[in-house]
Amino acid sequence: MLSMILKMSAVTALYVLLTALIWLRVRGRKRSVAQKLLIGLIYGGCAVLSTHFGVDYSHMMLNVRDLGPLSAGLFFDPISGILAGLIGGIERYIAGTYWGVGSYTRYACSVSTCLAGFVSALMHIFIFRRKKPSAVYAFFMGAVMEVFHMYAVFITHRDDMNMALYVVRVCAGPMIMFTGLGMAASSVALQVCAREWRNPFRRVSAEEVPVSQRFQFWLFAVTSAILTLNLLFAFGLQTQIAIQDARDTLVNVSGDIRDTYVKLKQTEDNTDALAGETARTQALAIAEAVERLGGVEHADAAFLERMREVYRLVSVASVGADGKLIQCAGDAPSYAAMLGDVLSGASESMALNPSTVRAVAGARCGTGMIRVVVDKDQLAEALNLSGLNEALSYFHVGQTGSFDIIRSNGLVTAGEHRDSTLTTDAIRTLAAQPTEVFFQADLLGTEALCRTEDLSDDLRLLALLPMDEVYANRDAQAYESGLAGIILFTVIYVLISQLVQAIVVNNLQLVNASLHRITRGHLDEVVCVRNSSEFASLSNDINQTVSVLKGYIAAAEKRIEQELEFARTIQDSALPKNFTFPRRDFELYAAMDPAKEVGGDFYDFFFVGDDRLALVIADVSGKGIPAALFMMRAKTAIRGLAESGREPSEILYRANNTLCEGNDAEMFVTVWLGIIDLRTGRMQCANAGHEYPALMRSGGEYALFKDRHGLALAAMEDMRFKGYDLQLEPGDRLFVYTDGIPEAIDENTEQYGTQRLVDKLNATRGEPLRQVLPAIRRDIADFAGGAEQFDDITMLGFAYYGSEKGGDGHEGTDA
Amino acid sequence: MKINKNLEGNTLTLALEGRLDTTTAPDLEQAIKAELNRVDALVLDFSKLEYISSAGLRVLLSAHKAMAQKGGMKVTHVSEMVMEVFEVTGFSDILNVE
């Protein structure tokens, strides 16, 4: 037993090692057909080796051949599994048929090995969906495959259940366990190799357990319980039936034997004559023997005694011619007178029946006589029993049972153990048991169901049926229905769990996927799982909720839209719109075209004193209400500082520090600021991270003026900005803008860029600014085509005409 | 926009791919915020960045300020176009651009 366990463990461990090695070798790679076939060949070879190097146990060769195709199919590829199964199975059949290797189970073995390949392939594809099975599933795969193997042994030997039962009894336990454990160990080994191994005893919270797993667990528990109960019930019933059958057999056989015995006993009545005749024949025979010795005088007591024993007589006596007793063996009744005729020579021999129990006969021996006395009962018994033995040889108790007729002293006088004697223990047991009652005892070397019956005062009939035979049928049935139950249970389990997967889990996943899309903002997603009333109702509820939600969102959007619209209006109204000035020495035009969402662009212009005009263009980072509010702050700060007469760089420095305060939203604003003295044309400028201005000198072309840059306002405190001066001559033009222009994109996300801007500016340089700016806006719109405008488009154009043109236009100053 | 994270020791490298504008800037902000407490240094790989808008600059600015107290923030593989934006906005003066 221990040696078998060790050997089987070693073989199984080799399989596990092989699986782990092959897996490590081919892991992660896409396997070619050749590789799949090679794996199939390797495992097929292993299956063949398993066939020929089985482990000897109780005259049976145990093996784990099915591990080959199962491992190949479950852990590698369906093709490998099928190939290994076919190789192992077909070779098993050939070995069984032609080479006499385990030919008794060749059908069962070869079929189950072939099937193992196909089953593992199907399971791999449809149940495990090309993932590694967990250790528990792997165990059951292996174990159930071996269960089928055992069941196949039964099916293929319907006519020889005893042998099949023996084979299954020996093989079932080790082969099922080791194949199951081998698969489980392989699964664990692969999981460890793949670093997917998790401690199965770790407590998992309910959230982590999928519905299907919980369902499978309970399905497993319930079906196992039902299966076990069913088996126990059937086993109990079978036990009852087996015992009842055995009792019936014993009663019937005992009855028949008793009948036979009684029938033969009835012939006893006819034995008076027979007894006399027997006595006479025996007397003659002894007389003859005595005569050979030389007459009655020569027959001593010892000889007579021997004769008495041989012929089982009550007494043997030699009588002289005078009628006197010479020698006597046994008690010597005085029947001499009755045999006077023999002695007188009137007859050779004669028999008398002087009493109901004895018969007497005499035979002439020379001048004397031999006289014998026979016990009629004993004679009848001897005669009966010899007939009985012959008659009894036709009886049998089951196949291995026996019956015996036993004397009270333990001597078996008839039956299968005739002429042997029971052990004292057996005699005691037998004596203690009442008759015609069934009891279980070991009387003749095996535990058996026994029954006794008294045939006479001295004789007792014992019929017994060994327990092995009593339960043989029950055990075979139990094994068979147990194995069939496990197979049936597995099929039902797999089918139901697949059904649940299809009906519940897949639907849940569909609903979940839809919900996932909805939570990602696709509110138009419709949940449509309508293959059961519950899911249809769930789908409806979700759809309804989403549609109500959509209504709320739409309402909220509308409100926000309105607020943004207000914000946009307020923002817009904060920008100066009056571009007509009561003087001719400059021309100014600006425009802001907000994007869909309110943004933070702004422009501004205002007089600082009589002849100094401040121009501002700015872009707040970000969008929406925060940007709009920040823009208002920035605009107010710059205008306030500028109006106090400071230089642009100083204005930006102070505005920066003002804006940095409490700038928790970490917004910033790029600003270009220029203050021109309209009398001299000198423009003091400063740039806080804003786009380069485009400058056109009188008679020349526009070009970007790469001015000195500082960091955008509100980004860092205490930043110093370096201002610069621009000397504008009459006819010069300056164009500033926000990044909405160069970064406007077309449908291919190509940017408008500064070059297109400069080109367009040059193309329209002769026109009044009032027309130039809308032309640029149109050009950008044409460029963008269908692309959405992301950013505000803000621009400000300034043309300096100086006093030469505006001499007569100095209305403002004049006035 | 795609953000590829790579944490080596205490240095987090975020490689940006695509456009960093108003719609995608919150993603980057989220990604930086999520890791800020765990890392000492931040590297932004701009080799595949196509465009940066002012909203993107805002995220860079706040990240820069947050990292200034730790191991600092570095911007690497800046394309010409993005560099132009940095220069125009003055960010090139404060950011550590390589």
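Look up: the structure comes first, before these words.
Reading the values: rules and limits
Starting from 1, residues in each chain are numbered consecutively following that chain's sequence as written. Lettering of chains starts at A and numbering of ligands starts at 1, both following the order in which they are written. Local features in this predicted model are restricted to residues whose pLDDT is 70 or higher, and side-chain atom pairs enter the listing and the counts only when it is 80 or higher, whereas totals over whole chains, interfaces and linings include all residues. Each side-chain value is derived from all of the structure's non-hydrogen atoms; neither hydrogens nor water enter the calculation. A side-chain nitrogen of Lys or Arg and a carboxyl oxygen of Asp or Glu constitute a salt bridge if their distance falls within 4 Å. What counts as a helix is a DSSP run of H or I of at least four residues, what counts as a strand is a run of E of at least two, and both are numbered from the N terminus. Buried, partly exposed and exposed residues are distinguished by accessible area as a fraction of the type maximum, computed with a 1.4 Å probe on protein chains only: under 20%, between the cut-offs, and over 50%, respectively. Axis lines are fitted through C-alpha atoms, for helices just across the contact stretch, and the angle between N-to-C directions can take any value from 0 to 180 degrees. Crossing chirality is assigned from the near helix's rotation relative to the far helix, an anticlockwise turn below a right angle marking it left-handed and a clockwise turn marking it right-handed. Any pair of residues with heavy atoms lying within 4.5 Å of one another is described as a contacting pair. The classification used treats Ala, Val, Leu, Ile, Met, Phe, Trp, Tyr, Cys and Pro as nonpolar, Asp, Glu, Lys and Arg as charged, and all other residues, Gly among them, as polar. Relative orientations are named as follows: roughly parallel for angles under 35 degrees, roughly antiparallel for angles over 145 degrees, roughly perpendicular for angles from 65 to 115 degrees, and oblique for any other angle. The criterion for strand pairing is that DSSP finds at least two bridges linking the strands in question.

Just checking my understanding: could you explain the pattern of salt bridges for this structure?
Oppositely charged side chains are able to pair whenever their charged atoms sit close together. Residues and elements named next belong to chain A. Applying the stated rule across the entire model yields 31 salt bridges over all chains. Notably, a salt bridge pairs Glu 277 with Arg 280, separated by 2.7 Å at the nearest N-O pair. One end of the pair is Glu 277 and the other is Arg 280, both in helix 9 (residues 271-293) and 3 residues apart, which spans about a single turn. What makes Glu 277 partly exposed here is its relative accessible area of 38%. Linked by salt bridges that have partners in common, Arg 583, Asp 585, Asp 611, Asp 677 and Arg 679 make up one network.

Help me understand the packing of helix 3 (residues 67-76) of chain A against helix 7 (residues 161-193) of chain A, please; the structure alone is not making it clear to me.
Any two packed helices are characterised by how steeply their axes cross, that is the angle between the axes, and by the distance between the axes. All names here are of chain A. In contact at an axis separation of 11 Å, helix 3 and helix 7 are set at 35° when each is read in the N-to-C sense. Like other packed secondary-structure pairs, helix 3 and helix 7 cross with a definite hand, here right-handed. Residues Leu 67, Leu 70, Ser 71, Leu 74 and Phe 75 of helix 3 form the contact with helix 7, whose own contacting residues are Thr 179, Gly 182, Met 183, Ser 186, Ser 187 and Leu 190. For the contact of helix 3 with helix 7, a count of residues per class yields 6 nonpolar, 5 polar and no charged.

Looking at this structure, how should I read the packing of helix 3 of chain A against helix 4 (residues 78-98) of chain A?
All names here are of chain A. Across the interface, helix 3 lies against helix 4 with an axial gap of 6 Å and an inter-helix angle of 165°. The angle between helix 3 and helix 4 places the two elements in the roughly antiparallel class. Relative to helix 4, helix 3 is oriented so that their crossing is left-handed. Residues Gly 68, Pro 69, Ala 72 and Gly 73 of helix 3 lie in contact with helix 4, whose contacting residues are Pro 78, Ser 80, Gly 81, Ala 84 and Gly 85. A class-by-class count of the residues in the contact of helix 3 with helix 4 yields 4 nonpolar, 5 polar and no charged.

Help me out: how do you make sense of the sheet that holds strand 17 (residues 682-688) of chain A in this one?
The strands making up a sheet are joined through hydrogen bonds of the backbone, oriented either antiparallel or parallel. All names here are of chain A. Spatially, 5 strands are ordered 14-15-16-17-20 in an open sheet, and the strand pairing comes out antiparallel. Each end of this open sheet is capped by a strand with a single partner; those strands are strand 14 (601-608) and strand 20 (724-727). Strand-to-strand twist of the sheet, defined as the mean angle between neighbouring strand axes without regard to direction, takes the value 20°. The pairing of strand 16 (residues 669-677) with strand 17 spans 7 bridges and is antiparallel. Note that in strand 17 the partner of Asp 677 across the bridge is Arg 682. Where helix 16 (residues 624-643) meets the sheet, its contacts fall on strand 14, strand 15 (612-620) and strand 16, and the angle it forms with strand 14 comes to roughly 20°.

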